[in-house]
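Residues per chain, in single letters:
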Amino acid sequence: MMRAGLIAKKIGNSSFYSKEGKSTNVTLLKIEECVVSNIKTFEKDGYNAIQLASIDTNKDVKKLKKPQRKNFTSINIKPKKILKEFKVDSENILEIGTTLDVNHFKIDQFIDVSGKSIGKGFAGVMKRHNFRGLRASHGVSISHRSHGSTGQNQDPGRVFKGKKMAGRMGHKNVTKQNLKVMDIDEKNNLIVVKGSVPGTRNSTVYLKDSVKK
């Protein structure tokens, strides 16, 4: 059963202590007001989805483009920085203006968290793809960390797409699955998730029910 998720901001990492005194590494996710700003239906758009708006922006409504302006003025809310669609089943379509908070999820539930991974810059093959490098013996002239040959003979005479080579590492859309919700802090609008979450501190991540669990 597919239902809407949440838009969150990654606060950082911490430790969570259970009642038995066991320590667990966790990530703190802050949930600001998530408002249903638009809906898509199968009859009109060919699929069912809910558009959520979250994280306030300092922009004036008048400076927004007309389609975006209509989203916020029709439900009388301040302009939001993030708009995100979540595909849902027909029975889980919510009314425009509905607000979702941390209670959308429950303790001990498993969720999937998506975000943009940390960029590492230009990296070689040993760091990027775990190559072992070349031999550290005679005949290997200042190329110990190189990837070696990449092409073939005259046929096909080119390097195939997707070949593991040096290049930019990180800064990609990543989803971590089956993360357990350890605690929910309603007062501070925080969700405590076991383990690590993609992205830098204060980056935006998207939460939804686990697909596999």
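Let us look at the structure shown here. (Residues numbered from 1 in each chain as written. Predicted model: local features only at pLDDT ≥ 70, side-chain atom pairs only at ≥ 80, totals over all residues. Heavy atoms only, no water.)

**Quick look at the nonpolar core**
In terms of nonpolar packing, the biggest core is built from 27 residues, with Leu6, Ile31, Leu52, Ile111, Ile191 and Leu207 touching the most fellow members. If you list the elements that add at least two residues to this core, you get strand 1 (6-17), strand 3 (34-40), strand 4 (49-56), strand 5 (80-87), strand 7 (110-116), strand 10 (173-185), strand 11 (190-194) and strand 12 (204-209). In this view, Ile111 contacts Phe105, Lys176, Gln177, Asn178, Leu179, Val181, Val193, Leu207, Lys208, Asp209 and Ser210; residues no more than four positions away in its chain are not counted. (Core = buried A, V, L, I, M, F, W, Y, C linked by side-chain atoms within 4.5 Å. Buried < 20%, exposed > 50% of the residue type's maximum accessible area, 1.4 Å probe, protein only. Helix = DSSP H or I, 4+ residues; strand = E, 2+ residues; numbered from the N terminus. Contact = heavy atoms within 4.5 Å.)

**Let's talk about the side chain of Lys10**
As for its position among the elements, Lys10 is in strand 1. At 16 Å, Asp112 is the nearest oppositely charged side chain to Lys10, a buried residue that forms no salt bridge. Within the structure, the side chain of Lys10 is placed 2.9 Å from the backbone oxygen of Val197, a separation counted as a polar contact. In terms of polar contacts, Lys10 uses its side chain to reach the backbone carbonyl oxygen of Gly199, at 2.7 Å. Ignoring anything within four residues of it in the chain, the contact list for Lys10 reads Thr27, Leu28, Leu29, Val197, Pro198, Gly199, Thr200, Arg201, Asn202 and Ser203. (Lys, Arg positive; Asp, Glu negative; His and termini not counted. Salt bridge = Lys/Arg side-chain N within 4 Å of Asp/Glu carboxyl O. Polar contact = N/O pair within 3.5 Å; in protein donor to acceptor, adjacent residues only side chain to side chain.)

**As for the environment of Thr200**
Looking at the element boundaries, Thr200 is found in the loop between strand 11 and strand 12. What Thr200 contacts, discounting residues up to four positions off in sequence, is Lys10 and Ile118.

**As for the pairing of strand 2 (residues 23-30)**
Examined bridge by bridge, strand 1 and strand 2 share 8 bridges and lie antiparallel to one another. Bridge pairing links Lys10 to Leu29 in strand 2. Hairpin connection, strand 1 to strand 2: the antiparallel pair is bridged by 5 residues, and Gly21 has positive phi, about 90°. Note that strand 2 and strand 11 share 5 bridges and pair antiparallel. Within strand 11, the residue paired with Lys30 across the bridge is Leu190. (Pairing = 2+ DSSP bridges.)

**Regarding the pattern of salt bridges**
This structure, assessed with the given rule, holds 5 salt bridges. With its nearest N and O atoms 3.8 Å apart, the salt bridge here joins Glu32 to Lys9. With Glu32 in the loop between strand 2 and strand 3 and Lys9 in strand 1, this residue pair connects regions lying 23 residues apart in the sequence. The salt bridge partner of Lys40 is Glu85, with a shortest N-O separation of 2.9 Å. With Lys40 in strand 3 and Glu85 in strand 5, this residue pair connects regions lying 45 residues apart in the sequence. According to the relative accessible area criterion, Glu85 is partly exposed, its value standing at 30%.

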